[in-house]
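# Summary of structural features
Residues per chain, in single letters:
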Amino acid sequence: MPPFEQLLEWSVKIAVGFIILMTMVAYLSLIERRLLAFIQMRYGPNRVGPFGLFQPIADGLKFIFKEDLIPLDADKFLYVMAPALSLVPALMTFTLIPVGGEVTLPLLDRPIALHITSINVGILAVLAMTGMGVHGIVLAGYASNNKYSLLGGLRSSAQLVSYELAMSLSIIGVLIQAGSLDLVTIVERQGGGWGLGWHVFWFQPLGFFVFLVSMIAETNRAPFDLPEAESELVAGFHTEYSSMKFAMFFIAEYANMVTAAAMATTLFLGGWQGPGVTRWPWLGPVYFLLKVAFFLFLYVWLRASSPRLRYDQLMDFGWKFLLPLALVNVVLSATLALWF
Amino acid sequence: MTFQQLLFIGFAALVLGGGIAVVLLRNPLYGAFALITSFVGLSALYVMMGAQFIGAAQIVVYAGAIMMLFVFVIMLLNVRADEERPPRHRFLVWLAAPLALLLSAGLWLAVAGVQGDRAPSGEAGTVERVGKNLMTRYLLPFELTSVLILLAVVGALHLAKREKE
């Protein structure tokens, strides 16, 4: 049995990570609505509390008190399981992402590393979690016994499977360069050189581009939010869901957005690296959050300013453009790795 | 009982329970679901033995990709759960127990002869070791498998291709 102290450390880290992730998810929804409103010259939700800051709490309460419907002909067991199946992997991925280096806390005699766990196959584990999340969407589509749900679920899973390929291939360049699959090591390798050591600058710009596009498609966000195309599919795979079950899909989607942003930061933008981190380790999480916020802003900006792709265009783009580009990047990275 | 043993019992129960459910459940989608559960438990067991790469690959390949294909096929063919299939070859049921015993005996004989370190080494399954072995000692089988998969892809494309008028 691992020592009690170790177990306690893990539990505290998991609890803190969970709370931070949930807070980010809640306020991401508010920031998204306010930003969209700002871009479209509206007010947005600004009534609940100062600047609408309590809006997420009000939304949460509303979800809890809504009636929980289960369609008559639905497959009850799978219908209830599906939201959990999509939420759990979304929350688990965050355990592997380092949000900072080693810091010292008052009252503790040893440094604490600011990541929950670090395993030898970090990136593979993240990809595995992403792959498992698809099952929830497919089952939701099937179990609802509704044609819009089924079509939405099928579309969504086809999209996720296609873009997962391009995303995994775009990561290979980073792996070749960093020489490790462990996210902690990958971040440490990108330090120094006034930020020029970040993978986005130091010969992975192509990989970064492919990753960025496929990450937006992976999280089902505009302009790739085909599964939720209102004009064709009502609300896609979660058409029949209400109350907390809908909230679980909602949280899963936003948690996936945060995780994808954190992954992009970790792999390409140097994670928590930044000026002065070696002297003041607490700056690490601050830099990390700023970089993640940049990607989250990008998500909202894209949603406000770009129209939705058609389904065949989406598939063509993934298979005929992004995938070859990712393959070219693999070859380029391998060649450059031989030279340098 | 140590913490490790407790974890082992939990995950082993997941694997066995999932496996039994696959055989017993009539609804094919539930069966696929049970198989996924079983794979996840198996992956956890691999990780506990220090074979982290195999554990991750188990989820990415089997629980992720292959089971997704299964679920797709089941959903698109719309296989009904309540369809009663006529029980053909009823005598096969009576063969099940002896055959299961035979298989268990064979497995036992195969495993009992194995000598060596049974404790998890914590090294054998890491990415570095797997990668080095694949690129040196097992290079030929690795390349042959790649060619085989390529053949399968070309074959699938040929079958799925629409004839041009």
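The structure displayed is predicted, hence computed values, not measured ones.

## Re the side chain of A:His135
As for its position among the elements, A:His135 is in helix H4 (residues 122-143). Discounting residues that sit within four places of it in the chain, A:His135 has contacts with B:Ile36, B:Ala63, B:Gly64, B:Met67 and B:Met68.

## A few points about the interface of chain B and chain A
Think of interface size as the accessible area that goes away when the parts come together; that is how it is often given. Of the residues lining the interface, 23 residues belong to chain B; the matching set on chain A comes to 26 residues. Across the interface of chain B and chain A, roughly 2200 Å² is buried in total on both sides, 81% from carbon and sulfur atoms. Taken together, the links from chain B to chain A amount to zero salt bridges. The tally of links from chain B across to chain A stands at one residue pair in polar contact (both at pLDDT 80 or more). Among the elements of the structure, helix H2 (28-48), helix H3 (52-77) and helix H5 (127-135) of chain B are those that each provide at least two residues to the side of chain B that touches chain A. For the side of chain B that touches chain A, the element with the highest residue contribution is H3(B), accounting for 13 residues. Within the side of chain B that touches chain A, the residues separate by chemical class into 18 nonpolar, four polar and one charged.

## Quick word on the layout of surface pockets
Its boundaries defined by the atoms lining it, the largest pocket holds a volume of some 2200 Å³. Surrounding the largest pocket, 47 residues form its lining, A:Leu124, A:Leu165, A:Ser168, B:Val60 and B:Val61 being those nearest its centre. Of all the secondary-structure elements, those providing two or more residues to the lining of the largest pocket are H4, helix H5 (147-178) and helix H11 (311-339) of chain A together with H3, H5 and helix H6 (139-160) of chain B. When grouped by side-chain class, the residues that make up the lining of the largest pocket number 34 nonpolar, 10 polar and three charged. The space that makes up the second largest pocket amounts to roughly 1500 Å³. Residue lining of the second largest pocket: 37 residues in total, with A:Met92, A:Met129, B:Phe11, B:Ala44 and B:Val47 positioned closest to the centre. Counting only elements with at least two residues in the lining of the second largest pocket, the list comes to helix H1 (4-39), helix H3 (76-92) and H4 of chain A together with helix H1 (3-24), H2 and H3 of chain B. Per-element accounting of the lining of the second largest pocket gives the leading share, eight residues, to H2(B).

## Quick word on the nonpolar core
As a rule of thumb, soluble globular proteins bury nonpolar side chains together. Counting 69 residues, the largest nonpolar core has A:Ile123, A:Leu183, A:Ile186, A:Phe211, A:Met215, A:Leu267 and A:Phe295 as the members making the most contacts within it. Tallying contributions element by element places helix H9 (residues 243-268) of chain A first for this core, with 13 residues. Excluding residues within four positions of it along the chain, A:Phe211 makes contact with A:Met167, A:Ser170, A:Ile171, A:Ala260, A:Met263, A:Ala264, A:Leu267 and A:Phe268. Counting residues in hydrophobic clusters, the runner-up holds 32 residues, among them A:Met132, A:Tyr241, B:Ile59 and B:Met75.

## Here we look at the environment of A:Gly133
Residue and element names in this part refer to chain A. Note that Gly133 resides in helix H4. Here Gly133 falls in the buried class, since its relative accessible area comes to 14%. A C-alpha to C-alpha distance of 13 Å links Gly133 and Tyr254, two positions 121 residues apart in sequence. Contacts of Gly133, omitting those with residues within four sequence positions, involve Leu85, Ser86 and Pro89.

## Quick word on the environment of A:Thr219
Relative to the elements of secondary structure, A:Thr219 occurs in the loop between helix H7 (205-218) and helix H8 (230-233). A polar contact is formed between the side chain of A:Thr219 and the backbone oxygen of A:Ile216, at a distance of 3.1 Å.

## Things to note about the packing of aromatic side chains
All names here are of chain A. Evaluated as defined, the whole model comprises 13 aromatic pairs over all chains. Look at Phe63 and Phe250: their rings are 6.4 Å apart centre to centre, the planes differ by 50°, and that puts the pair in the tilted class. Here the residue Phe63 occupies a position in helix H2 (residues 55-65), and Phe250 occupies one in helix H9, the gap between them amounting to 187 residues. A relative accessible area of 19% places Phe63 in the buried class. Phe250 sits in the partly exposed class, given a relative accessible area of 26%. By the ring-pair criterion, three or more aromatic residues cluster together here, those being Phe208, Phe211, Phe268, Phe294 and Phe295.

## Considering the confidence of the model for chain B
Chain-level statistics for chain B give a pLDDT mean of 81 and a share of 84% at 70 or above. Interface confidence for the predicted complex, expressed as ipTM, amounts to 0.77; the pTM equals 0.82.

## Let's talk about H7(A)
Residues and elements named next belong to chain A. The first and last C-alpha atoms of H7 sit 19 Å apart over 14 residues, in line with the 20 Å expected at 1.5 Å per residue. Of all 14 residues that make up H7, 11 are buried, and the element is covered over most of its length. Those residues of H7 that fall on the buried side of the exposure criterion are Gly207, Phe208, Val210, Phe211, Leu212, Val213, Ser214, Met215, Ile216, Ala217 and Glu218. Check the buried side of H7 and you find it contacts H4, H5, H9, helix H10 (283-305) and H11.

## A short note on unusual backbone geometry
Residues and elements named next belong to chain A. Positive phi, normally seen in glycine, also occurs at Met41, with a value near 55°. Inspection of the secondary structure puts Met41 in the loop between H1 and H2. A relative accessible area of 78% means that Met41 is categorised as exposed.

What counts, and where the lines are drawn
Residues numbered from 1 in each chain as written. Chains lettered and ligands numbered in written order. Predicted model: local features only at pLDDT ≥ 70, side-chain atom pairs only at ≥ 80, totals over all residues. Heavy atoms only, no water. Helix = DSSP H or I, 4+ residues; strand = E, 2+ residues; numbered from the N terminus. Contact = heavy atoms within 4.5 Å. Buried area = accessible area lost by both parts, 1.4 Å probe. Salt bridge = Lys/Arg side-chain N within 4 Å of Asp/Glu carboxyl O. Polar contact = N/O pair within 3.5 Å; in protein donor to acceptor, adjacent residues only side chain to side chain. Nonpolar A, V, L, I, M, F, W, Y, C, P; charged D, E, K, R; others polar. 1 Å grid on protein atoms, 1.4 Å probe; cavity = no way out; pocket = protein on both sides within 12 Å on 5 of 7 lines; lining within 4 Å. Points joined across faces, edges and corners; volume = space filled by probe spheres on them. Core = buried A, V, L, I, M, F, W, Y, C linked by side-chain atoms within 4.5 Å. Buried < 20%, exposed > 50% of the residue type's maximum accessible area, 1.4 Å probe, protein only. Phe/Tyr/Trp six-rings, centres within 6.5 Å; stacked < 30°, edge-to-face > 60°. pLDDT = per-residue confidence, 0-100. Expected span 1.5 Å × (residues − 1).

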